[in-house]
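Per-entry structural report
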Amino acid sequence: MNRRPWPLEDAEYDVVVIGGGMAGAGVARDLALRGVSTALIEQGDFASATTSQSSKLIHGGLRYLELYDFSLVRESLRERETLRGLAPHLVRPLPFLVPIYRDSSRSLIKVRIGLKLYDWLAPGRDRERYRVLPAVDVLSLEPALRASDLRGAGYYFDDLLVYPERLCLENVLSACRLGARAFNYAQVAEIVRDAKGRITGVRARDLLTGRVATLGASIVVNATGPWVDQLRELARVKERGPRILRRTKGIHCLLPKLTERAIYHSTGDDRMIFVIPWREFSLIGATDSEFDGDMDRLHATAEEVNYLLDEVYKVLPHPPVSAKEVLYTYAGVRPLSYEKGKRASDVSRAHKVVTEERGRFLSITGTKLTCFRSLAAALGDQVMRTLGRSGPGRSDRVALDGTDDEVARVEAHAWLDVSGVAAGNGGSRGRAGKQRSRP
């Protein structure tokens, strides 16, 4: 039975957004906030692909400092602060430890410099500062860490996104309350062109009823993530060549809870992995490898799982974790911008909007979950210019809690009393901030 709030039928829009992950949902909401007539199409469930297969973090990207990608770190830290104000019900401060051992590829001095830069790039100053802790304090915070050859650890805060899928859905629902139309289980069958070859919309098939509808649009946004190049091929878009995307695979494992704080570990092959407390579990991830396979056959392999477990054992040896204790695994594909000659983990996570067909076909690559809103705002500005309209973005000021109310920017705070924790008084004392009033 078709239970859609509205039927998928022939209609005219300013913009059709294809792809109902975090990027597409954010774009639909940003455009709806500007008064742009928008339709959002998703072939499965909203947030069912890369969005739901993430590390559940809203973070600045400490590792990106090593790649000298300072602009991405600054943008990510700014967006982290923005999301703390817009969605405080979904974003939680998360303390991180970066343990450094005698044989680690990164020294305590390098970690100190990196955290100082990280702190300097973050907006606002009324918040908990980074610190570098001696080994005795590190072990007081996390006794499960390997003690032998431990030199100390960096300590800082990023944020846990409790449910990425809910954040995505709240963007979709907000867009719909503001006038957009969203259709999941709708598959794009054709990119429609007029007699002069100009893109004029899409033809979509309702997978629930089999009905085919034509959605006219001045602009089509390709927010399909790992499928970006396939949609460009369907649209016969060739200006930038056949490939603008580089897909890399990351897997995660869910284990019984190992730590109270997140651990950021430097691996033997100079990568970084997380051990993240999530509910009553620990989430371990992620790998980073090239992927050119079938998206319908995506899964974590035994080799990838064992790689993560081996790396976890190096910092959390007792009790040793075996593959039998893995409760769940999942795998996702990152839709990164195509960069030739770099190893997978060194490819930039910065987003790009690739413009083709004289601005009528826009493809999104390099989407980082933390920066979905700023990406959507930049794309929204471009759409308004193409449409010849005015209307500034408001997505950084409108709540993501079902009210669509304008809110003041909220600074989130987190504290840690190291001496108190070392004495056994628990972990982070939470967060505080100005509360917005309700009508």
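What comes next is a walk through the structure.

This brings us to the nonpolar core. Core analysis: the largest hydrophobic core is formed by 61 residues, its most contacted members being Val-202 and Val-221. Counting residues in hydrophobic clusters, the runner-up holds 31 residues, among them Leu-150, Leu-255, Val-305 and Val-326.

It is worth spelling out unusual backbone geometry at this point. Both trends apply: most residues other than glycine have a negative phi, and most peptide bonds are in trans. Following Gly-285, the chain continues into Ala-286 via a peptide bond in cis, with omega recorded as 0°. For Ala-286, the position within the fold is in the loop between β14 (281–285) and β15 (289–290). Each neighbour pair has its own omega, and for His-318 with Pro-319 the value is -10°, a cis peptide bond. Of note, the phi angle at Ala-47 is positive, near 70°, even though the residue is not glycine. Structurally, Ala-47 is set in the loop between β2 (38–41) and β3 (57–58). Given a relative accessible area of 2%, Ala-47 falls into the buried group.

This part is about the packing of helix α2 (residues 70–86) against helix α8 (residues 372–387). Packing of α2 against α8 leaves a shortest axis separation of 8 Å and a crossing angle of 100°. As the angle between them shows, α2 and α8 are arranged roughly perpendicular. Each of Glu-75, Arg-78, Glu-79, Thr-82, Leu-83 and Leu-86 in α2 lies in contact with α8, whose residues at this interface are Phe-372, Arg-373 and Ser-374. Residues that form the contact of α2 with α8 fall into these classes: three nonpolar, two polar and four charged.

With that out of the way, let us pick up the environment of Pro-93. Within the fold, Pro-93 resides in strand β4 (residues 91–101). For the pair formed by Pro-93 and Glu-79, sequence separation is 14 residues and the distance between their alpha carbons is 14 Å.

The rules we used
- Residues numbered from 1 in each chain as written.
- Predicted model: local features only at pLDDT ≥ 70, side-chain atom pairs only at ≥ 80, totals over all residues.
- Heavy atoms only, no water.
- Core = buried A, V, L, I, M, F, W, Y, C linked by side-chain atoms within 4.5 Å.
- Buried < 20%, exposed > 50% of the residue type's maximum accessible area, 1.4 Å probe, protein only.
- Helix = DSSP H or I, 4+ residues; strand = E, 2+ residues; numbered from the N terminus.
- Axes fitted to C-alpha atoms, helices over the stretch in contact; angles between N-to-C directions.
- Parallel < 35°, antiparallel > 145°, perpendicular 65-115°, else oblique.
- Contact = heavy atoms within 4.5 Å.
- Nonpolar A, V, L, I, M, F, W, Y, C, P; charged D, E, K, R; others polar.

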